[in-house]
Amino acid sequence: MARVDVITQLTSDEILVTQAIANGTYFIEGGVPTGTIDGANVVFTLASNPSPDSSLSVYLNGSRLKLTEDYTLSGVTLTMVVAPDVGSILQVDYRFSPV
């Protein structure tokens with residue numbers, strides 16, 4: 001069977017996603033960890049383990065936070081150094097492997 005090369009017809013974003021899926025890597029962008037934002041809670045849970053851990057980006061009200069300065073990560077547990085205020089928006093981006 002002949003190989004059909006359609007890479008040149010895809011956008012750069014589509015190529016990135018196609019390669020990631022082929023490699024068994026998936027992305028979460030704008031994900032919302034579970035946990036109560038009440039000004040007291042500092043523990044939140046991600047939907048999956050970031051892989052690698054360094055792929056995790058955490059945003060509070062649109063500002064990117066820094067690992068160890070603003071939060072720590074252990075498996076799927078995200079622990080904030082300071083509890084987000086009521087009404088804050090906490091979002092995450094990361095890669096993970098479904099396997």
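Residues numbered from 1 in each chain as written. Predicted model: local features only at pLDDT ≥ 70, side-chain atom pairs only at ≥ 80, totals over all residues. Heavy atoms only, no water.

1. Some details on the overall build of the protein chain
Item 1. In terms of helices and strands, the protein chain carries one helix and seven strands.
Item 2. The N-to-C order of helical and strand elements in the protein chain reads α-β-β-β-β-β-β-β.
Item 3. By residue count, 25% of the 99 residues in the protein chain fall in the buried class.
Item 4. Considering only contacts within the protein chain whose residues lie at least 6 apart along the sequence, 70% involve residues at least 24 apart.
Item 5. Total accessible area computed for the protein chain in this model is approximately 6,600 Å², and 53% of it derives from carbon and sulfur atoms. (Helix = DSSP H or I, 4+ residues; strand = E, 2+ residues; numbered from the N terminus. Buried < 20%, exposed > 50% of the residue type's maximum accessible area, 1.4 Å probe, protein only. Contact = heavy atoms within 4.5 Å. Areas by Shrake-Rupley, 256 points an atom, 1.4 Å probe, with all protein chains shown as cover.)

2. Some thoughts on the environment of G39
Item 1. Turning to its location among the elements, G39 is positioned in the loop between β1 (26-31) and β2 (43-45).
Item 2. Judged by relative accessible area, which is 41%, G39 ranks as partly exposed.
Item 3. Once the C-alpha coordinates of G39 and G87 are considered, the two residues, 48 residues apart in sequence, prove to be 8.9 Å apart.
Item 4. For G39, the residues in contact, after removing those within four places along its chain, are A83, P84, D85 and V86.

3. A few points about the side chain of S88
Item 1. In this fold, S88 is placed in the loop between β6 (77-80) and β7 (90-96).
Item 2. Look at S88 and you get buried, because its relative accessible area is 13%.
Item 3. A polar contact is formed between the side chain of S88 and the side chain of N61, at a distance of 3.4 Å.
Item 4. Among all residues touching S88, those that are not within four sequence positions of it are I37, L60 and N61. (Polar contact = N/O pair within 3.5 Å; in protein donor to acceptor, adjacent residues only side chain to side chain.)

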